[in-house]
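# Architecture and fold: a report
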Amino acid sequence: MTLPPFALRRPVTLDEALRELTEDSVPYCGGTELLLAMRAGLHRPDALVDLKRIPELSGVRVEDGVLVIGATERHADLATHPVIQERLPVFARMERHIGNARVRSQGSIGGNLCFAEPKSDVATVLMALGASVTLAGPEGRRTASVEEFVVGPYYAEKEPDELLVDVRIPLRDGLRGAYVKFQTMERPTVGVAVLADDAAGWYRLGVGAVGEVPLAWSFGSLGEIDPDEVAAWIDPTPDLSGSEEYKRHVTAVYVRRALAKLEQVSA
Amino acid sequence: MTEPSGPPRVPVTVDINGVSVSRQVEPRSLLVDFLREDLGLTGTKVSCELQVCGVCTVLVDGRPVSSCTFLTADADGAAVTTVEGLSDGQTLHPLQESFVDNFALQCGFCTPGFLMMSKALLDGDEVPDRAAIVEHLEGNICRCTGYEPIVEAVEHVAEQLRGGTHG
């Protein structure tokens, strides 16, 4: 089916891109979410502002103990990136299993977060990791935690004239992590991330895909994580992948599995 | 098809199966429509238009993409390989040969997508094992074969590669 007509803008600097953005002139990168929404008639922008030619939005680097990932980096590249594989293997493994191989070679991390698909694997793992995003706008730059940014289903806290520049993940020496998900259709029913920094006594659990937004909690020890209690904390959305009761059950099962998998992961 | 007052067209030069093609396209032109309608390369199929079924898979600079959700403008300067580019017209590609030998197709509608996905995998750095093949083909739908013959067909070509270039 043909897409509605639009103009294509191709800025090569961040400032140029920011000047192009309006309510009807929207950021475009991989198109894996935006083009589908446009085809479904949910969105009809006058122009797409292609971000793929802006060097400031790409690249992966470590800066003062923080892993910085440019917004336009694609999932397939993040999955195999040597720095990510070495410093944050749990994130590389999650990226390797997003959607399917075509989605991974087109879709970007920034687009994934901005679209705020409630069944995204990315936001769940990033919330558990305590990650943040950098946004640029006409007033300058600001930082928001992923929890402050992804606030609702298909709703990220971003003004139309703002751009997501990068994702920042604080690195921890000796971090162990596991992400497991249950999936029978195109998107997961539940995804559970568990992270452990034993030396610092820092433990995090993230649960996503079951409700409107992923949720993450901190613990003082792994023993404090009670899968049945976690299943009561979530707010599942009943849909084709299951009822509320079923999703609570599957969540408890996958929290247990995530903890069991973590035991096999060495620092 | 030509709208006189539409948004400005975009010039693209794309290498399609080794042939350089230059056109002016509408920004909204999708790669699958460009291939099928403008160039008559109808080997690439269209079905779900949601990046779920995989029948429209083509390679852009070696990466598998859903051509139903890929702007032609984004293929500017790239090399696109479609199912028509697999064979030279005389000899089948080893994957095509293996699909035939292993009865990996019935109605054949999904076959171009499976072939292109498989080519992307086999062109990678590592020769895949069965688990990697199954995982990679997860995003493609076949309603005839039950998948087993398709996985076997790809496995056979992987084995040939292992024997030939790694043994």
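Reading the values: rules and limits
The residue numbering used here restarts from 1 in each chain and proceeds along that chain's sequence as written. A letter from A marks each chain and a number from 1 marks each ligand, given out in the order of writing. Totals for whole chains, interfaces and linings use every residue, but because this is a predicted model, local features are given only for residues with pLDDT of at least 70 and side-chain atom pairs only at 80 or more, for both listing and counting. DSSP-based pairing: two strands are paired if at least 2 bridges between them are found. Strands here mean DSSP runs of E at least two residues long; helices mean DSSP runs of H or I at least four residues long; both are numbered from the N terminus. In this description, a line fitted to the C-alpha atoms serves as the axis of each element, helices being fitted only across the stretch in contact, and the angle between N-to-C directions of two axes falls anywhere from 0 to 180 degrees. Placing C-beta atoms from the backbone, we regard two residues as in contact once those atoms come within 7 Å. Think of it as three bins: nonpolar holds Ala, Val, Leu, Ile, Met, Phe, Trp, Tyr, Cys and Pro, charged holds Asp, Glu, Lys and Arg, and polar takes everything else, Gly as well. Residue ranges labeled as domains rest on an automatic or database domain assignment.

All right, on to the sheet that holds strand 5 (residues 79-81) of chain B then. Within a sheet, neighbouring strands are paired by backbone hydrogen bonds and run either parallel or antiparallel to one another. Residues and elements named next belong to chain B. Reading across from one edge, 2-1-5-3-4 is the order of the five strands in this open sheet, with mixed pairing throughout. Two strands lie at the open edges of the sheet, namely strand 2 (19-25) and strand 4 (63-66), each paired on one side alone. Across the sheet, the axes of successive neighbouring strands diverge by a mean angle of 40°, strand direction being ignored. Note that strand 3 (residues 57-60) and strand 4 share four bridges and pair antiparallel. Bridging from a neighbouring strand, Leu 59 pairs with Pro 64 of strand 4. Most of the contacts of helix 3 (residues 111-122) go to strand 3, to which it runs at about 35°, and overall it touches strand 3 and strand 4.

The next thing to look at is the interface of chain A and chain B. Contacts between the two partners involve 20 residues from chain A and, on the opposite side, 27 residues from chain B. Taken together, the elements giving at least two residues each to the side of chain A that touches chain B come down to strand 1 (7-9), helix 2 (34-39) and helix 6 (101-106) of chain A. Counting residues per element, the side of chain A that touches chain B draws most heavily on helix 6 of chain A, which supplies five residues. Per-class residue counts for the side of chain A that touches chain B are eleven nonpolar, six polar and three charged.

Right, let's get into the domain arrangement of chain B. All names here are of chain B. Considered domain by domain, chain B is made up of domain 1 (10-85) and domain 2 (94-166). A separation of 21 Å is found between the C-alpha centroids of domain 1 and domain 2. No other element matches the three residues that strand 3 contributes to the side of domain 1 that touches domain 2.

Here we come to the domain arrangement of chain A. Residues and elements named next belong to chain A. What the domain assignment lists for chain A is domain 1 (7-50), domain 2 (55-170) and domain 3 (176-263). Each of domain 2 and domain 3 has a C-alpha centre, and the two are 20 Å apart. If you look at the interface, domain 2 gives 19 residues, while domain 3 gives 19 residues. Mapped onto the side of domain 2 that touches domain 3, the elements with two or more residues apiece are helix 5 (89-96), helix 8 (121-129) and strand 8 (150-152). Here the element with the most residues in the side of domain 2 that touches domain 3 is helix 8; it accounts for seven residues. Per-class residue counts for the side of domain 2 that touches domain 3 are eleven nonpolar, four polar and four charged.

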